[in-house]
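Each chain is listed here by its residues.
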Amino acid sequence: MDFNLTDEQELLLESVDEFCERYFTDEAIAEMYETGTMPDEIAEAYRDAGFGLMGIPEEFGGIPADRQTIGLMIERLYEKSGCMHILYQNSLSMFDIMEFGTDEQKQMCMDHYMETGWPISSLSISEPGAGSDNRSMTCVTKKQADGTYLLSGQKTWVTMGAVLPYTIVVAKDEDPSHDNGDMSLWLVKMDTPGVSTAALHKIGQQCIPFCEVYFDDVVLTEDMRMGEAGKGFMMLMKNFEVERAYIVAEQLGLAQAALSDAAQYANQRIAFGKPIFKQEMIQELLTDMEIKVQTTRQFLYKVLWMMDNGEPVQLESALLKRYGCKECFEVTDMALQIYAGLGYTTEVRIGRLWADTRGNMFGGGTHEIMAYIGGRQVAKKYAL
């Protein structure tokens, strides 16, 4: 594995730096966290810079990019912006449409993105009683005599669900019981009769709106289906491994921002007549933070390299998500400790980074579920 950056990757990261310096000012970030939105100007600039087109098929106007390059871009984007915004996560639903959608759905997705700078759809997967326990989903479609389907149920933790015009729904076919594992994907317009939303309020990541989505006998037609009937959740599972790696890239970028802030503060803060970095306990915190960041980065790059080389990463992506998100949260927690009382105020961004990175320990699969997935794979790996 060669982690030396190519000339193209170096230029990409320079472009990300310039983008963040221009658009993610302290004033802009404060407004986003206060209003719970991101200005259209930033989303459009992200599209125009080509960042949002990376990984989209070239025939639909995208830019070819390997996963390691996309991971590098994400890490730098969140480090230099220093906040948990929506830009990368917007790509997740686009990737799903490009992989599982019809040609008409793909073109509609790209037309909307190029016109607005925003993806066309959110992802409606989790339910109040079914997160990683997908068999416990009760959202269901039932076929009617006229060939249409009625969709009923509730989804939760839907990112941008009340903002974007469509949502991708995974729902069981015909039978909501636990024994039924047949699920399908549907691209549902949010203004369809029977669709409604309710906002969710979080303690972190406030500039990314989440909501619950309710489906009350929503009429679906066959042209709204994505991919093969009954295989919806298995299709999504294919992209979960990539999503987990990219979430760690986000988390790593935020942790690096926290580490940089804390180290600079330790150089500037004077206590007992000398900078606090000369205190042994502060040195220990900084050392452990640097170890966590460097180790997570190497693990992330290895997993992305494996993906790009066609190697299976079911085990590695689960281990990465469990390890990386936890270690990077601990980095922000240590950074807050170095700032002490000042870090617990809104005068500096450490408290915000701390709350935002805590949320990434849930997204893409909880800490505990990663142990469940990883533990089974480890047992198989070493079985006689």
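Residues numbered from 1 in each chain as written. Predicted model: local features only at pLDDT ≥ 70, side-chain atom pairs only at ≥ 80, totals over all residues. Heavy atoms only, no water.

As recorded in an unreviewed UniProt entry, the protein chain goes by the name Acyl-CoA dehydrogenase, listed as coming from Cryptobacterium curtum. The record held by UniProt for the protein chain lists under Sequence similarities (unreviewed entry) the comment "Belongs to the acyl-CoA dehydrogenase family." (UniProt positions renumbered as here; feature names shortened; annotations may be inferred.)

Asker: Please give an account of the packing of aromatic side chains that cites residues and values.
Answerer: For the structure on display, the rule yields 13 aromatic pairs. With a centroid separation of 5.2 Å and an interplanar angle of 45°, the aromatic rings of phenylalanine 19 and tyrosine 23 are classed as tilted. Here the residue phenylalanine 19 and the residue tyrosine 23 both occupy positions in helix 1 (residues 7-23), the gap between them amounting to four residues, near one helical turn. The class for phenylalanine 19 is buried, based on a relative accessible area of 6%. A residue is classified by how much of its surface remains accessible, and tyrosine 23, at 14% relative accessible area, is buried. On the basis of an interplanar angle of 15° and a centroid distance of 4.3 Å, the ring pair of tyrosine 265 and tyrosine 339 is categorised as stacked. Of the two residues, tyrosine 265 sits in helix 7 (residues 232-268) while tyrosine 339 sits in helix 9 (residues 314-339), which places them 74 residues apart along the sequence. Of the aromatic side chains, those joined through ring pairs into one cluster are Phe19, Tyr23, Phe24, Tyr46 and Phe51. (Phe/Tyr/Trp six-rings, centres within 6.5 Å; stacked < 30°, edge-to-face > 60°. Helix = DSSP H or I, 4+ residues; strand = E, 2+ residues; numbered from the N terminus. Buried < 20%, exposed > 50% of the residue type's maximum accessible area, 1.4 Å probe, protein only.)

Asker: Could you give me a rundown of unusual backbone geometry, with the residues and numbers involved?
Answerer: Unusually for a residue other than glycine, tryptophan 157 sits at a positive phi of about 55°. Looking at the secondary structure, you find tryptophan 157 in strand 3 (residues 149-159). The class for tryptophan 157 is partly exposed, based on a relative accessible area of 48%. At glutamine 205, a residue that is not glycine, the phi angle is positive and equals roughly 50°. On the secondary structure map, glutamine 205 appears in the loop between strand 6 (195-200) and strand 7 (210-220).

Asker: Any details on the UniProt feature "domain: Acyl-CoA oxidase/dehydrogenase middle" (unreviewed entry) in the protein chain? Residues and values, ideally.
Answerer: Feature annotation in UniProt assigns "domain: Acyl-CoA oxidase/dehydrogenase middle" (unreviewed entry) to the following positions: residues 123-218. The straight-line gap between the two end C-alpha atoms of residues 123-218 is 17 Å; of that span, 0% is helix and 49% is strand.

Asker: Give a description of the domain arrangement of the protein chain that names residues and reports values.
Answerer: By domain assignment, the protein chain separates into domain 1 (7-119), domain 2 (122-230) and domain 3 (233-382). On the domain 3 side, the residues contacting the 23 residues of domain 1 number 25 residues. Across the contact surface, domain 1 and domain 3 share one salt bridge. Of the charged contacts in the structure, one is a salt bridge between glutamate 75 and arginine 297, with a shortest N-O distance of 2.9 Å. Taken together, the connections running from domain 1 to domain 3 amount to eight residue pairs in polar contact (both at pLDDT 80 or more). Per element, the largest residue contribution to the side of domain 1 that touches domain 3 is ten residues, and it comes from helix 4 (residues 67-81). (Domains from an automatic or database assignment. Contact = heavy atoms within 4.5 Å. Salt bridge = Lys/Arg side-chain N within 4 Å of Asp/Glu carboxyl O. Polar contact = N/O pair within 3.5 Å; in protein donor to acceptor, adjacent residues only side chain to side chain.)

Asker: Summarise the environment of isoleucine 70; cite the residues concerned and give the values.
Answerer: Turning to its location among the elements, isoleucine 70 is positioned in helix 4. Classification of isoleucine 70 by relative accessible area gives buried; the value is 5%. Those residues in contact with isoleucine 70, other than ones at most four positions away along the chain, are Met54, Gly55, Ala65 and Tyr246.

Asker: So, the pairing of strand 1 (residues 121-124): which residues are in play, and what are the values?
Answerer: Of the two faces of strand 1, the one holding Ser121 and Leu123 and the one holding Ser122 and Ser124 are both buried throughout. Relative to strand 4 (residues 166-173), strand 1 runs parallel, the two being bridged by four bridges. Across the sheet, the residue bridging to serine 121 is tyrosine 166, located in strand 4. (Pairing = 2+ DSSP bridges.)

Asker: Would you mind going over a negative patch on the surface in detail, with residue names and values included?
Answerer: A contiguous patch of negative charge on the surface is contributed by Asp7, Glu8, Glu10, Glu14, Glu18 and Glu21. If you trace the backbone, glutamate 18 turns up in helix 1. What makes glutamate 18 exposed here is its relative accessible area of 55%. (Patch = residues over 30% accessible without salt bridge, like charges linked within 9 Å, V, L, I, M, F, W, Y side chains within 5 Å. Areas by Shrake-Rupley, 256 points an atom, 1.4 Å probe, with all protein chains shown as cover. Lys, Arg positive; Asp, Glu negative; His and termini not counted. Charge placed at Lys NZ, Arg CZ, Asp CG, Glu CD.)

Asker: Tell me about the UniProt feature "domain: Acyl-CoA dehydrogenase/oxidase N-terminal" (unreviewed entry) in the protein chain, residues and numbers included.
Answerer: Mapped onto this numbering, the UniProt entry gives "domain: Acyl-CoA dehydrogenase/oxidase N-terminal" (unreviewed entry) at residues 6-109. From the first C-alpha to the last, residues 6-109 spans 31 Å; its make-up is 66% helix and 0% strand.

Asker: Describe helix 5 (residues 90-100), with residues and values.
Answerer: Among the eleven residues that make up helix 5, ten are buried, leaving the element largely enclosed by the rest of the structure. Listed in full, the buried residues belonging to helix 5 are Asn90, Ser91, Leu92, Ser93, Met94, Phe95, Asp96, Ile97, Met98 and Phe100. On its buried face, helix 5 sits against helix 6 (103-116), strand 1, strand 4, strand 5 (183-189), strand 8 (225-226) and helix 7.

Asker: Got a sec to walk through a nonpolar patch on the surface? Specific residues and values, please.
Answerer: Among the surface-exposed residues, Leu319, Val378 and Tyr382 lie close enough to one another that they form a single nonpolar patch of about 280 Å² accessible area. Relative to the helices and strands, valine 378 is located in helix 11 (residues 367-381). With a relative accessible area of 31%, valine 378 lands in the partly exposed category.

Asker: Describe the pairing of strand 5, listing the residues and the values that go with them.
Answerer: Of all seven residues that make up strand 5, six are buried, and the element is covered over most of its length. Bridge count for strand 4 against strand 5 is seven bridges, and the pairing is antiparallel. What sits directly across from valine 170, in strand 5, is leucine 185. Here strand 5 pairs with strand 8 via two bridges, running antiparallel. Pairing of leucine 185 across the sheet is with methionine 226, part of strand 8.

Asker: Talk me through the environment of glutamate 14; I want residue IDs and the actual numbers.
Answerer: Along the chain, glutamate 14 turns up in helix 1. With 59 residues separating them along the chain, glutamate 14 and methionine 73 place their C-alpha atoms 9.9 Å apart.

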